Amino acid sequence: PDIGQEATTLNQQSKAHLGVSIRAIALLFDAQPGSYSLKYGLIRGGSWPYLQELQRAGLVVVTAKDCTSYETAPNSAWLSIKLTSKGQQIRDALSEP
């Protein structure tokens, strides 16, 4: 079997059925109440577009921590990533054995 083609097909199915890519879905598992992620790290690590994908799909809400550094350097902002009820449902369904 062509594993690459199977992965591409799964990613396309995820986009069609859930509205987001598999890489974006992986970020649902990083969303924890009370934790923050550095925006610069998300951009540098390549996760920022996928986080935006989750937000557009209504699976997470991203808010910046209110601090002076955010106003002067947006990429160094600390972000809170919270699951919406829809995002929680998807994560719960994928967490089951």
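One can find the structure itself at the top, above this paragraph.
Residues numbered from 1 in each chain as written. Predicted model: local features only at pLDDT ≥ 70, side-chain atom pairs only at ≥ 80, totals over all residues. Heavy atoms only, no water.

*Asks:* Kindly report on the overall build of the protein chain, identifying the contributing residues and their values.
*Replies:* Of the regular secondary structure elements, the protein chain holds 6 helices and 3 strands. The order of helices and strands in the protein chain, counted from the N terminus, is α-α-β-α-α-β-α-β-α. Sorting the 97 residues of the protein chain into buried and exposed places 28% on the buried side. Carbon and sulfur atoms provide 54% of the accessible area of the protein chain, an area that totals close to 6,400 Å². (Helix = DSSP H or I, 4+ residues; strand = E, 2+ residues; numbered from the N terminus. Buried < 20%, exposed > 50% of the residue type's maximum accessible area, 1.4 Å probe, protein only. Areas by Shrake-Rupley, 256 points an atom, 1.4 Å probe, with all protein chains shown as cover.)

*Asks:* Help me get a handle on the environment of Leu 54, residues and values and all.
*Replies:* For Leu 54, the location among the structural elements is in helix α4 (residues 48–56). Owing to a relative accessible area of 0%, Leu 54 belongs among the buried residues under this scheme. For the pair Leu 54 and Val 20, spaced 34 residues apart in sequence, the C-alpha separation works out to 6.6 Å.

*Asks:* Summarise the nonpolar core; cite the residues concerned and give the values.
*Replies:* One finds Val 20, Leu 28, Leu 51, Leu 54, Leu 59, Val 60 and Ile 81 to be the most contacted residues of the largest nonpolar core, which totals 18 residues. When contributions to this core are tallied by element, the ones reaching two or more residues are α2 (22–28), α4, β2 (60–64) and β3 (78–83). The element that contributes the greatest number of residues to this core is α2, accounting for 4 residues. Setting aside anything within four residues of it in sequence, one finds Leu 51 in contact with Leu 27, Leu 42, Val 60, Val 62 and Ile 81. (Core = buried A, V, L, I, M, F, W, Y, C linked by side-chain atoms within 4.5 Å. Contact = heavy atoms within 4.5 Å.)

*Asks:* Describe α4, with residues and values.
*Replies:* An α-helix turns once per 3.6 residues; consequently, residues spaced three or four apart project the same way. Listed in full, the buried residues belonging to α4 are Trp 48, Leu 51, Glu 53 and Leu 54. Residues of α4 that are buried make contact with α2, α3 (39–44), β2 and β3. Taken from the residues just after α4, Gly 58 is the one with a positive phi, measuring 75°.

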